[in-house]
Amino acid sequence: MRSEPFLAKLIRWAMWATPAVALIIFSQYMSPFHFGKVVVFRTLIQLLLACYLVLIWQDKSYRPRLDVIGWAFLAFALAFTVTTFTSVSPYHSFWGTIERMGGLFTFWHYFAFFVMLTAVMKERRDWYVLLNLTIVAGVFSAFYGFLQKTDWTFILGSGGRQRPFGTIGNAALFAGYQILGAFLATAFSLRAGQSSGRVWMYRIAAGLMFLAVFMTAVRGSLLGVVAGAFIVLLLYSSIYRARKTKFALLGLVAASALFFLFAQLFHESTFVKGSPYLTRITDFSSQTFTVKTRFWAWSAGLQGWTENPKTLLLGWGPENFNVPFSKYFNPRFFTGPGAETFFDRAHNMFMEVLVTMGLLGELAYLALFGAVFWSLAQLMKRDPSAGSGQGRDDRIVALVFAGMTVAYIIHNSFIFDTSANFITFFTLIGFVSFLRSEARPGDAKPPRKLQRPGGLGAGQVIVLSLLLVFAIILTVRTNIRTSQANFATTRAIIAGWQGEFLTAMTKYGESVAYDTFGVYEYRHRMAQYLLEVSANIGNQELPEPVVLALEFAISETEKNTLLNEYDYLPLLYIARMHIILGQNDPGSEHNDLALEYTDRALAISPTFVRTYYEVAQAYLNKKDFAKAYEWFAKAQQLNPEVGITYWYMGIVRAQLGDPQGAVELINEAAKFGHGLSQADFEKVVNIYLQLGDLEAVIGLLERLLEQAPDRADYWASLAAAHDQAGDGPSAIEAGEKATELDESYAPALQALKEKYGAQ
């Protein structure tokens with residue numbers, strides 16, 4: 001009997017471990033739910049690929065066997081490669097980002113995984129082990145999501161979370177992962193010749209994963225599940241003429257229609273409004289803000305895609321959706337501080353691929369799904385009586401996987417893929433590829449050569465050693481070093497939270513010094529931290545360590561402008577840091593440098609509202625209030641419904657000597673929802689003092705004291721306002737409050753009492 005090469009066994013055992021990647025969480029790292037998964041997966045594939053190259057030298061039967069699915073996958077990988085080289089930012093297209101862990105480098109690992117998977121998994125029992133482990137991992141992830149509803153601190157993401165995200169880190173991505181696992185478990189529950197106990201285990205697993213999908217309240221995913229179930233029932237009833245299935249199909253259609261009717265009739269009811277879950281899943285309005293932002297993002301992407309023949313054919317480059325999004329930014333995204341104004345993905349895989357890889361990538365991506373559907377259609381034609389029931393099992397798998405693929409396509413029309421979803425999806429289509437390439441059930445199999453391969457030859461051992469050394473070096477450079485840099489960054493973030501400025505900056509310096517994948521984001525993190533520190537200092541003179549840190553951060557962030565000349569973010573970070581350095585000196589060169597960087601940012605994204613604020617702030621530093629007002633007014637023209645813009649305009653209007661105009665603008669700010677902070681109240685009080693409107697001043701001071709009743713200076717100001725209004729008793733009462741809090745106001749109180757003849 002032929003012995004199997006050890007390398008083949010090793011690779012297959014490693015393939016069986018890949019479902020566990022979906023459960024990996026690096027809690028002490030940036031992007032804890034994505035970073036660790038990809039780092040571990042890439043390390044595994046790099047080492048296995050070294051083994052696989054020697055394996056196919058040792059035994060030709062393990063060479064890649066690509067069918068229509070494999071060739072379609074290869075075509076998409078090649079399209080990914082071509083569009084990376086033609087990308088407007090090859091760096092981002094190749095490496096991706098820490099947040100999403102995508103990019104060409106990682107994507108080729110998925111293809112290598114697919115090739116090795118389909119080459120070494122030669123028997124059904126091998127695949128069944130892998131797919132059963134995939135189901136187990138999906139159930140574990142679902143339970144982890146359920147536990148996020150608790151307050152157990154060892155569960156990352158816990159705290160009574162409304163919408164669980166399991167081990168995937170995002171409710172929508174989690175839903176996609178669970179969809180794949182749930183349909184897989186459903187298919188296995190329908191296989192023939194199983195014990196009732198095993199059938200029920202699969203049914204329970206499927207039920208738990210479908211429940212997890214429904215708990216996420218991701219409407220696109222729920223729609224996908226319903227559509228996928230419809231396809232499964234329709235195909236099953238058509239193929240097997242099963243009466244019960246037809247009733248189930250009619251029941252699904254009726255239930256869906258009733259739910260839609262319920263949503264239309266009761267969406268505004270107290271019952272629905274009392275449940276965040278029902279409120280979300282019954283909201284089909286295209287006017288919902290999150291829905292509108294999707295359409296705005298897609299519109300910007302389409303404008304970018306149609307910009308010229310190159311973008312039509314090859315797109316802007318993978319991982320670069322933010323470039324056309326920024327160039328054609330819709331100002332309505334900006335609703336004030338905290339608004340989501342950065343889309344690095346289209347939240348629609350088909351739109352994402354079209355915009356970033358053009359027609360070349362889109363056709364290849366569609367071809368991959370086309371190849372899957374074609375293969376499933378071929379499996380459905382198999383004789384169900386052949387191969388002791390294997391033919392029937394193949395048909396069951398095919399029709400359930402058809403529904404799964406439809407569900408996944410619909411799901412992907414509202415989100416994007418990441419590592420756990422990619423690994424699971426490529427595993428499942430690898431199984432479909434295996435079923436198609438396997439000898440038809442009942443067919444006579446050709447005799448196999450019983451040649452014993454023996455051990456590795458001396459040359460093969462040498463090559464394997466060299467390849468493993470190369471793989472280890474590659475792993476150190478691309479996985480371990482970036483993990484060290486990532487960990488240093490999170491230590492810096494934690495030190496910043498704890499107020500340890502020098503420790504934080506030391507760690508940020510360490511993270512960027514690695515100069516490895518992720519440094520782009522680490523530099524931005526450092527800049528964000530320094531902006532927060534500077535904001536806490538306010539207009540006071542900056543301590544020398546902060547000044548030096550800002551100068552260092554500027555020099556580092558400048559490197560990001562060289563890596564991606566189409567990204568406005570590093571330009572705005574640099575501009576803001578220059579504004580902080582020049583805030584107390586109208587003649588500082590930092591203010592002029594800030595204007596240079598904002599000009600460059602506006603050339604990239606001419607409608608990005610925040611940039612106009614930065615330009616105005618630079619002019620405020622220069623004491624050029626007329627110019628500052630002009631730029632705030634331009635921001636207002638871009639989006640006239642943002643309250644804070646009117647507030648800024650009002651404050652500058654007061655500085656221009658027009659308190660009446662300032663009051664009108666401040667009232668507009670309130671009309672559009674801008675709430676006043678304590679510092680804002682103080683500024684408004686001063687404006688009303690300029691107008692001599694003592695009644696308004698008194699009212700504002702009383703509102704201030706509701707926020708800060710222990711502020712002696714506010715009570716003293718209120719006393720002075722009442723005094724100017726001729727209200728002696730109220731002035732004395734406020735003066736007494738001020739004196740109770742601060743005895744230094746006692747002489748002023750005594751003067752008030754003498755003025756009004758009080759004791």
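Check the entry above for the structure.
Student: An account of the packing of aromatic side chains is needed here, citing residue identities and associated values.
Tutor: Counted according to the given criterion, the structure contains 64 aromatic pairs. On the numbers, 5.4 Å between centres and 80° between planes, the contact of Phe76 with Phe107 is edge-to-face. Taken together, the residues Phe76 in helix H3 (residues 68–85) and Phe107 in helix H5 (residues 104–120) connect sequence positions 31 residues apart. Judged by relative accessible area, Phe76 falls into the buried class, the value being 4%. Residue Phe107 is classed as buried on the basis of its relative accessible area, which comes to 3%. Positioned over the ring face of Phe416 is Arg345, at 5.2 Å from the centre of the ring. In this arrangement the basic side chain of Arg711 is found over the ring face of Tyr714, its NZ or CZ atom lying 4.2 Å from the centre.

Student: Residue-level account of the nonpolar core, with values.
Tutor: Nonpolar side chains tend to gather and get buried jointly when the protein is soluble and globular. Counting 185 residues, the largest nonpolar core has Phe401 and Phe426 as its most contacted members. Residue contributions to this core peak at 16 residues, all from helix H16 (residues 349–380). Ranked by size, the runner-up nonpolar core spans 58 residues in total, among them Tyr619, Val685, Ala708 and Ala719.

Student: Describe the side chain of Gln148, with residues and values.
Tutor: Tracing the backbone through its elements, the reader meets Gln148 in the loop between helix H6 (124–147) and helix H7 (171–189). A residue is classified by how much of its surface remains accessible, and Gln148, at 0% relative accessible area, is buried. With residues up to four places along the chain from it excluded, the contact list for Gln148 reads Ile155, Leu156, Gly157, Ser158, Gly159, Gly160, Arg161, Pro164, Phe165 and Gly166.

Student: Tell me about empty space enclosed by the protein, residues and numbers included.
Tutor: Taken as a whole and assessed by the stated rule, the structure comprises three cavities of 30 Å³ or more. Considered as a void within the structure, the largest cavity measures approximately 230 Å³ in volume. What lines the largest cavity is a set of 21 residues, among which Phe80, Glu319, Arg345, Met349 and Phe422 lie closest to the centre. For the lining of the largest cavity, the secondary structure elements donating two or more residues are H3, H5, H16 and helix H18 (419–437). Split by residue class, the lining of the largest cavity holds ten nonpolar, six polar and five charged. One number sums up the size of the second largest cavity: a volume of about 70 Å³. Along the walls of the second largest cavity sit Thr18, Pro19, Val21, Ala22, Thr134, Tyr177, Ala420, Ile423, Thr424 and Thr427, which together make up its complete lining. If you tally residues by element for the lining of the second largest cavity, the top one is H18, at four residues. Partitioning the lining of the second largest cavity into residue classes produces six nonpolar, four polar and no charged.

Student: Break down helix H19 (residues 458–497) for me, with residues and values.
Tutor: Over its 40 residues, H19 extends 56 Å from the first C-alpha to the last, a length consistent with the 58 Å expected when each residue adds 1.5 Å. At Val476, H19 shows its strongest bend, of approximately 40°. Gly499 lies just past H19 and shows a positive phi near 75°.

Student: So what's going on with the environment of Asp344? Residues and values would help.
Tutor: Tracing the backbone through its elements, the reader meets Asp344 in the loop between helix H15 (322–327) and H16. A relative accessible area of 13% means that Asp344 is categorised as buried. The sequence separation of Asp344 and Phe325 amounts to 19 residues, and the corresponding C-alpha distance is 8.1 Å. Excluding anything up to four places from it in sequence, Asp344 contacts Arg100, Phe321, Asn322 and Glu352.

Student: Which residues make up the pattern of salt bridges, and what are the values?
Tutor: Under the criterion given, the structure shown has 21 salt bridges. With a shortest N-O distance of 3.8 Å, Arg100 and Glu99 are connected by a salt bridge. Residue classification places Arg100 among the buried residues on the basis of a relative accessible area of 15%. You can call Glu99 partly exposed: its relative accessible area is 41%. Salt-bridge contacts for Arg124 lead to Asp394; the nearest nitrogen and oxygen are separated by 2.8 Å. Of the two residues, Arg124 sits in helix H6 while Asp394 sits in helix H17 (residues 390–412), which places them 270 residues apart along the sequence. With a relative accessible area of 1%, Asp394 lands in the buried category. Shared partners join several salt bridges into a network, and the residues in it are Asp515, Arg523, Glu556 and Lys559.

What counts and how
- Residues numbered from 1 in each chain as written.
- Predicted model: local features only at pLDDT ≥ 70, side-chain atom pairs only at ≥ 80, totals over all residues.
- Heavy atoms only, no water.
- Phe/Tyr/Trp six-rings, centres within 6.5 Å; stacked < 30°, edge-to-face > 60°.
- Helix = DSSP H or I, 4+ residues; strand = E, 2+ residues; numbered from the N terminus.
- Buried < 20%, exposed > 50% of the residue type's maximum accessible area, 1.4 Å probe, protein only.
- Lys NZ or Arg CZ within 6 Å of the ring centre and 35° of its normal.
- Core = buried A, V, L, I, M, F, W, Y, C linked by side-chain atoms within 4.5 Å.
- Contact = heavy atoms within 4.5 Å.
- 1 Å grid on protein atoms, 1.4 Å probe; cavity = no way out; pocket = protein on both sides within 12 Å on 5 of 7 lines; lining within 4 Å.
- Points joined across faces, edges and corners; volume = space filled by probe spheres on them.
- Nonpolar A, V, L, I, M, F, W, Y, C, P; charged D, E, K, R; others polar.
- Expected span 1.5 Å × (residues − 1).
- Bend = angle between axes of the 7 residues up to and from the residue.
- Salt bridge = Lys/Arg side-chain N within 4 Å of Asp/Glu carboxyl O.

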